Amino acid sequence: MTQYNFQVGRGAVTAGEVTSGEDATMIVITGASGRIGRRTAELLGPTGQRLRLMSREPDKVPAIRNAETVYGDFADRPSLDWAFAGADTILVISGSAPPGERAESHRNAFEAAKRAQATHVVYLSLQGAARDSKYPYSRDHYQSEEYLAQSGVQFTALRNAFYMDMFLDLFDGDGVVRGPAGEGRGAFVSREDVARTAAAVVNAPPGGIHDVTGPEALIVGKVAQRLSKLTGRKLRFEDETAEAMRRRLSETGTPITKIELSVGWFEAIGAGELQRPSDTVRRFTGTAPLSLEGYFSRCRSLLRTLQR
């Protein structure tokens, strides 16, 4: 991943300025072996903050300056108490669990944060989170936010738009992506901007709920066209009904839970649940979010799956 100059917080600390010491803030990052957690830790390491990186697979967490690595699992409450002990700010990144169970696992993390007397929880949620969202995980995120509010811990919820690179796994062998998105738009965001924003916010949590998006709202067909130019391969979008998509995926033996997630992902776009760009990335990092071309031009290796 290309490294960028960035600011964390509100201009108080920049990459390269080290303020380490026993009195430095303790920040815990959950899911630290994942792409967002790992990148956020990489950005925070040089700032001198004391970091504790939690993962169910600690051996997969990279060595980061000013960081210690610990085991932790949302389903293992004693491990959360150990991982969160002495934390000032905790970045809670979504765990992996089926729809309907994710929110309960997040609830464990929020309750552990309260027991640890953490000052603030920063929770990575999802744009469009709502009780009646078309996307199952958006419903889970809405319930998670409810649990977080009920915990009594001060919090900031960063509602991330769908990631730009999610499209890379959606095209079939003929270069076609299909789903019930219609002319709906999404303010798709790069994982780099999500990590940069998370790094800025844990350094100086503002509180409240904030959408984290890319710079523009795009229909899926336009995403396919622009990826075509970047890859040199003809890519296109075909709209299909939710029922047709369910039939198509069921014929491949795809589990019903995964089918509903896939259908709901497109339906949420079609319903306009993620169509509003925000100024959150610029406001908290001081830098505008990357466009689709800007992101993939800097991270061209991500396009290899489409260049065949």
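Use the structure listed above.
Right, let's walk through the structure included here.

Thresholds applied
- Residues numbered from 1 in each chain as written.
- Predicted model: local features only at pLDDT ≥ 70, side-chain atom pairs only at ≥ 80, totals over all residues.
- Heavy atoms only, no water.
- Helix = DSSP H or I, 4+ residues; strand = E, 2+ residues; numbered from the N terminus.
- Buried < 20%, exposed > 50% of the residue type's maximum accessible area, 1.4 Å probe, protein only.
- Lys, Arg positive; Asp, Glu negative; His and termini not counted.
- Salt bridge = Lys/Arg side-chain N within 4 Å of Asp/Glu carboxyl O.
- Polar contact = N/O pair within 3.5 Å; in protein donor to acceptor, adjacent residues only side chain to side chain.
- Contact = heavy atoms within 4.5 Å.
- Pairing = 2+ DSSP bridges.
- Axes fitted to C-alpha atoms, helices over the stretch in contact; angles between N-to-C directions.
- Arc of directions from axis to C-beta.
- Core = buried A, V, L, I, M, F, W, Y, C linked by side-chain atoms within 4.5 Å.

## A few points about the side chain of Asp 73
Inference 1: Assignment of secondary structure puts Asp 73 in the loop between strand 5 (67-71) and helix 2 (77-84).
Inference 2: No salt bridge forms around the buried Asp 73; measuring N to O, its nearest opposite-charge neighbour Arg 56 is 4.6 Å away.
Inference 3: There is a polar contact of 2.9 Å between the side chain of Asp 73 and the backbone nitrogen of Ala 75.
Inference 4: Contacts of Asp 73, omitting those with residues within four sequence positions, involve Met 54, Arg 56, Ser 79 and Leu 80.

## Thoughts on the sheet that holds strand 6 (residues 89-92)
Inference 1: One open sheet holds the seven strands; their spatial order is 5-4-3-6-7-8-11, and the pairing between them is parallel. Only two strands of the sheet have a single partner each, and these edge strands are strand 5 and strand 11 (208-212). The sheet shows a mean angle of 20° between the axes of neighbouring strands, taken without regard to direction.
Inference 2: Where strand 6 meets strand 7 (residues 120-126), four bridges bridge the pair, whose relative direction is parallel. Its bridge partner lying in strand 7, Val 92 is registered against Tyr 123.
Inference 3: Contacting strand 3 (26-29), strand 4 (50-55), strand 5 and strand 6, helix 2 runs over the sheet at an angle of about 165° to strand 4.
Inference 4: Strand contacts of helix 3 (residues 102-115): strand 6 and strand 7, with the helix running at about 165° to strand 7, the strand carrying the most contacts.

## Observations regarding helix 7 (residues 242-250)
Working note: α-helix, 3.6 residues per turn, so residues spaced by three or four point in the same direction.
Inference 1: Buried within helix 7 are the following residues: Ala 242, Ala 244, Met 245 and Leu 249. When helix 7 is viewed along its axis, its buried side chains cluster within an angular range of 160° and face the same direction.
Inference 2: Against the buried residues of helix 7 lie strand 9 (176-179) and helix 8 (256-270).

## Digging into the nonpolar core
Inference 1: Counting 37 residues, the largest nonpolar core has Tyr 135, Phe 162, Phe 167, Phe 171, Phe 188, Leu 227 and Phe 296 as its most contacted members.
Inference 2: Put simply, the parts of the chain that give this core at least two residues each are helix 6 (220-231), helix 7, helix 8 and helix 10 (292-298).
Inference 3: Looking at this core element by element, the count peaks at seven residues for helix 8.
Inference 4: Among residues more than four places away in sequence, those in contact with Phe 167 are Phe 188, Val 220, Val 223, Leu 227 and Trp 265.

## Some details on unusual backbone geometry
Inference 1: Here the phi dihedral of Asn 66 falls at roughly 65°; this positive angle occurs in a residue that is not glycine.
Inference 2: Positive phi, normally seen in glycine, also occurs at Gln 117, with a value near 60°.
Inference 3: You can see Gln 117 is positioned in the loop between helix 3 and strand 7.

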